[in-house]
Amino acid sequence: MPSTKEGLQRLLDFFVYGMLRASEMLGNAPLFLRTIEEEGLRKFLTTNMPRFQAPDDPAEACRQYMQAGDEGGLFDSSDSVFRGDGDSVHAEIGDKCVYRRVCTMRHDEGLPVHCIRAFALAEMLRIRLDADFDWKLERFGRPCRITLTRAKWK
Amino acid sequence: MADDPSVRLRAVLAELRRVPDILGVTIARRDGILIAHALPKSMDPKKIAAMSAAIVRTSEMAAGEMGLGRLRQWIVDTNIGKMMATGAGEEAILVTMVRNEANMGLILLSVDKAVHAISEILRSQEVTV
Amino acid sequence: MTDLWERIEETIDELSHLTDIKSAAVVRRDGLVVTHTLPDGVDPKIVAAMTAAIVGTSEMATIQLSQGRFVRAIVESEQGKLLSLGAGEEAFLVALVYDDANLGLVLMAMERAAKQVEEILRASAG
């Protein structure tokens, strides 16, 4: 295990970077990333957050999920804000997002930024609320703006 | 040396390339590493190797999951031609690109022959890539 | 919007009635199943994810090799074939057919169904 927090962050950065590049090169980034997230998140929720019950309101669900993650020492979402209206969630994600460095690498290379925070929240809503939300990174920056909109499929 | 597996593989590829309407051929390891190819310069052999290996593996798993039995091959139809991939023994796959006008009967026979030859060559030797 | 889903379901039900077609599905590009007539014992989630992977990578291969426009992907196995083609930007159509199927007829029916699905999706987005 890396012996410093910086070491661990660096490990995460390059692993995630590789994952993003590989899924693009093989031709179906949305599928691969969603599947990776779904499998990982399912395991994570079962193991680390078995008592996490998401409320019906998606924005509140996102807020509580992030908070539970904070309490577990995984995230620092103190600079993130979630708003919503039952069918959509608008969030501002601040500097402390754990993926910020990877996204900055991608952005600086001119590559599309696949917001892992956004699709992780979408998967969380799918797993916990059985609800289908499409995610969109409206703006990469400080803060990032993402929206999750209830999908039309069902 | 006639025995050298990479020479023998190139011979198989060359023979396949002589079949009318075959545009290019690639032999890849099942984990996506390129083994040999006879492709025009416009095509990137490494990318073909990686993508085809991914597709073949997923196709095999899909066929298994759906009770379709052993994979024979994967084919992509495009408006210009076809891309086909099939297993060539335990360790490799053969990827063939053909024009749409090709005589598919002849193509399939030639591919089948090549696949057997490749499988033999790889089985009898360890090929260093 | 159940209307949308019901109409897609109807299209797939109709397609599955063709003698040569064992079952069919509409799958989102990111691998989630929209509707299907797969038999029990076959996990629709796995089928959807695998076919999405096959189609996505097939399309990428087509682009990388400048082989024109992706039309369809066919997985040929000993006991049948798996066919997939696009149904608009967001989804594609998948069918499992018998090994001795009349592919010409099947593909025609699939193309019709794919167009219908594409129109249904386009109409709902507008």
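Computed from a predicted model, the values in this text were never measured in an experiment.

(A) Region of the structure containing the overall build of chain B. When its secondary structure is counted, chain B shows 3 helices and 5 strands. Put simply, chain B runs from its N terminus to its C terminus through helices and strands in the order α-β-β-α-β-β-β-α. Across its three principal directions, the C-alpha atoms of chain B cover 45 × 30 × 25 Å. For chain B, the residues scored as buried account for 47% of the 129 residues in total. Here the analysis covers contacts within chain B between residues at least 6 apart in sequence; of these, 50% occur between residues at least 24 apart.

(B) Looking closely at the sheet that holds strand S2 (residues 88-93) of chain A. Residue and element names in this part refer to chain A. Taken together, 4 strands build an open sheet; the order of strands is S1-S2-S4-S3 and the sheet is antiparallel. Each of the sheet's edge strands pairs with one partner strand only, and the pair in question is strand S1 (81-84) and strand S3 (133-139). Each strand of the sheet is rotated relative to its neighbour by a mean of 20°, with strand direction disregarded. Here S2 runs beside strand S4 (residues 144-150); their pairing, made up of 6 bridges, is antiparallel. The partner of Glu92 across the bridge, within S4, is Arg145. Running at roughly 160° to S1, helix H3 (residues 58-71) makes contact with S1, S2, S3 and S4 of the sheet.

(C) Expanded view of unusual backbone geometry. Looking along the chain, the bond that leaves Arg142 of chain A and enters Pro143 of chain A is cis, with omega of 5°. Positionally, Pro143 of chain A belongs in the loop between S3 and S4. Notably, Asp130 of chain A is not glycine yet its phi reads approximately 50°, a positive angle. Along the chain, the position of Asp130 of chain A falls in the loop between helix H5 (116-129) and S3. If you check the backbone angles, Asp21 of chain B has positive phi at about 75° while not being a glycine. Considering the arrangement of structural elements, one finds Asp21 of chain B in the loop between helix H1 (5-17) and strand S1 (22-29).

(D) Quick peek at helix H3 (residues 104-124) of chain B. All names here are of chain B. Taking 1.5 Å per residue, 21 residues should reach 30 Å; H3 reaches 30 Å between its end C-alpha atoms and fits that length. If you check which residues of H3 are buried, you get Ile107, Ser110, Val111, Ala114, Val115, Ile118, Ile121 and Leu122. The arc that holds every buried residue of H3, seen down its axis, measures 145°, which confines them to one face. The exposed residues of H3 that point more than 90 degrees off its buried face are Gly105, Leu109, Arg123 and Ser124.

(E) Quick look at the interface of chain C and chain B. Between chain C and chain B, the residue contacts involve 32 residues of the former and 33 residues of the latter. Residue composition of the side of chain C that touches chain B, grouped by class: 16 nonpolar, 11 polar and 5 charged. When strand S3 (residues 71-78) of chain B meets strand S3 (residues 70-77) of chain C, the two strands line up antiparallel, connected through 7 bridges. For Ile75 of chain B, the partnering residue across the bridge sits in S3 of chain C and is Ile74 of chain C.

(F) Broad picture of the sheet that holds strand S5 (residues 91-97) of chain C. Pairing within the open sheet is antiparallel, and its 10 strands lie in the order S2(B)-S1(B)-S5(B)-S4(B)-S3(B)-S3(C)-S4(C)-S5(C)-S1(C)-S2(C). Two strands lie at the open edges of the sheet, namely strand S2 (34-38) of chain B together with strand S2 (33-36) of chain C, each paired on one side alone. Neighbouring strand axes in the sheet, compared pairwise and without regard to direction, differ in orientation by 15° on average. Relative to S2 of chain B, S1 of chain B runs antiparallel, the two sharing 4 bridges. Among the inter-strand pairings, Thr26 of chain B is bridged to a residue of S2 of chain B, identified as His37 of chain B.

The rules behind each value
- Residues numbered from 1 in each chain as written.
- Chains lettered and ligands numbered in written order.
- Predicted model: local features only at pLDDT ≥ 70, side-chain atom pairs only at ≥ 80, totals over all residues.
- Helix = DSSP H or I, 4+ residues; strand = E, 2+ residues; numbered from the N terminus.
- Buried ≥ 20, exposed ≤ 12 C-beta atoms within 10 Å, placed from the backbone.
- Contact = placed C-beta atoms within 7 Å.
- Pairing = 2+ DSSP bridges.
- Axes fitted to C-alpha atoms, helices over the stretch in contact; angles between N-to-C directions.
- Expected span 1.5 Å × (residues − 1).
- Arc of directions from axis to C-beta.
- Nonpolar A, V, L, I, M, F, W, Y, C, P; charged D, E, K, R; others polar.

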